[in-house]
Amino acid sequence: MAGVGTRIGAVLRDVASTEGRLAVTAGIVLATLAIGWLLLPRAVRAGQRVASGWIERVLDDRAGASTEGAIETLRDGVPSSFLLRLAVGGLQLGLFVLAGVAVLTLWGRFDVVVAVLPVAENAVRVGAQVVVSAVLLGGAYVVSDVVETYVTELSADSDRITAHQEQLLTRLAQVGLLVLAAITVLGIWGVNLGGLLVGAGFLGIVLGMAARQTLGSLIAGFVLMFARPFEIGDWVEIGSEEGFVTDITIMNTHMRNFDGEYVVVPNDLVANQAITNRSREGRLRIHMEVGIGYDDDPDEAAEIAEEVLNGINVIANNPQPYAIPSGFGDSAILLDLRFWIDPPTPQARWRSKATVVERIQDRFADAGISIPYPQRTVSYPPETAQAEETVERVERTDGDDEERSRDRPA
């Protein structure tokens, strides 16, 4: 700044009269206003148009179809008007500062500039840090939106990325960008990152010990993302809970059971229990048993049952349903009925079972085949029967003797 003052003083040292200094001051003010308010905004706007056109050409030449949405988000998300006003304001401020230095030097007051110089330097440094920090944080926010749009487009074009994975990848990318931007901003402001990281490490150990279940759910959420035992909309049974999966987050799995209740299961419990996914294969086999009397023909009953199963619309024809004698029950011969429903839904399962019970009962009744209820036959061994008969005879003999003694005259 001292060198600038010396050069400006050398240029203006010939202006000694007050009238001349006033004229030069007026010229400086007019030139500053003309350049600052007329030329600078137009020049910056023209430069912005040239830069935007070049960026669009580069993006259009190098971007594929899958990144068009991300590019549009980037173009719409960048606050070009704000950046334009910021650039114009910065250039105008610099021009006005130079004009002020020139006027003060002209009037022999360059010592004021030297006295204000340290404060101005600090203000410029802090202002630059504020601007750079704002640009970094704003850029991280805009890029996070771009990443979200890109992941959404990529998930729409691929069947291998589920909604859970899409959400998790988006959140991880956004958190990573924001953390990187925050660390950079802290470095700009001179914060000791080493001590901060050490403190964060101790804090992480304490929080890890205090929130083991939460961390277990978090890790289990990552495991579920890569294992993919179920997806949103699947009919699953997790432990004692059964219903449809409505949402999968990093911490919990949300379900809607058949009673309309909203169930939230922590992911660590999901990972430690047996999971039955009834929607994964696209079809479900139903298993039922029916008993017939021991006096009935099992082959005839199985044939009638298969005819009933083939005549129900809810039951799939491929694979074919079948009925086979499977065992001897306490009161009946057991027929094993096995059939498939496609697609597997709770309504189809309940409807198929109810229809099978109603129609098989009617057909068996028409064919004279009984469906026995539980019954029990009680029998005695031969020696037990003889002993009871002997006891009965003895009791009868004693009774007759007593009767005769009563009838004998005294």
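Everything numeric here is computed off the predicted structure, so don't read it as measured data. (Residues numbered from 1 in each chain as written. Predicted model: local features only at pLDDT ≥ 70, side-chain atom pairs only at ≥ 80, totals over all residues. Heavy atoms only, no water.)

Undergrad: Help me understand the overall build of the protein in this model?
TA: On a plain count of helices and strands, the protein comes out with twelve helices and eight strands. Of all 410 residues assigned to the protein, the portion counted as buried reaches 26%. In the protein, once contacts between residues fewer than 6 apart in sequence are set aside, the share between residues at least 24 apart is 67%. Accessible area of the protein: about 26,400 Å², with a carbon and sulfur share of 60%. (Helix = DSSP H or I, 4+ residues; strand = E, 2+ residues; numbered from the N terminus. Buried < 20%, exposed > 50% of the residue type's maximum accessible area, 1.4 Å probe, protein only. Contact = heavy atoms within 4.5 Å. Areas by Shrake-Rupley, 256 points an atom, 1.4 Å probe, with all protein chains shown as cover.)

Undergrad: Would you explain the confidence of the model for the protein in this entry?
TA: For residues with low pLDDT, the predicted coordinates do not support detailed interpretation. Residue-level pLDDT values for the protein average 75, and 68% of them are 70 or greater. Across residues 62-67, where pLDDT falls below 50, the model places five contacts with residues more than four positions away in sequence or in other chains. (pLDDT = per-residue confidence, 0-100.)

Undergrad: What is the right way to look at the nonpolar core in this model?
TA: In globular proteins that are soluble, nonpolar side chains generally tend to be buried together. In terms of nonpolar packing, the biggest core is built from 25 residues, with Ile292, Leu335, Leu337, Phe339, Val356, Ile360 and Phe364 touching the most fellow members. Contributing elements (two or more residues each) for this core: strand E6 (284-292), helix H10 (298-310), strand E8 (333-341) and helix H11 (346-366). Sorting elements by how many residues they give to this core places H10 first, with six residues. If sequence neighbours within four positions are ignored, Ile360 has contacts with Ala305, Val308 and Leu337. In terms of nonpolar packing, the next biggest core, distinct from the first, is built from ten residues, Met255, Val263, Val265 and Val270 among them. (Core = buried A, V, L, I, M, F, W, Y, C linked by side-chain atoms within 4.5 Å.)

Undergrad: Would you mind showing me how to read the sheet that holds E6 here?
TA: Sheets are built from strands paired through backbone hydrogen bonds, the pairs being either parallel or antiparallel. Read across the open sheet, the three strands follow the order E6-E8-E7; overall the sheet is antiparallel. The strands lining the two open edges of the sheet, one partner per strand, are E6 and strand E7 (322-328). The sheet shows a mean angle of 30° between the axes of neighbouring strands, taken without regard to direction. Taken together, the nine bridges between E6 and E8 define a ladder with antiparallel strand orientation. Considered in E8, the bridge of His287 is made with Arg338. Lying over the sheet, H10 contacts E6, E7 and E8, oriented at roughly 20° with respect to E8. (Pairing = 2+ DSSP bridges. Axes fitted to C-alpha atoms, helices over the stretch in contact; angles between N-to-C directions.)

Undergrad: So what exactly am I meant to see when it comes to the sheet that holds strand E2 (residues 241-248) here?
TA: Here five strands make up an open sheet; going across it, the order is E4-E3-E2-E1-E5 and the pairing antiparallel. Either end of the sheet is taken by a strand with one partner, and the two such strands are strand E4 (262-266) and strand E5 (275-277). Going from strand to strand, the sheet's axes swing by 40° on average, the running direction of each strand aside.

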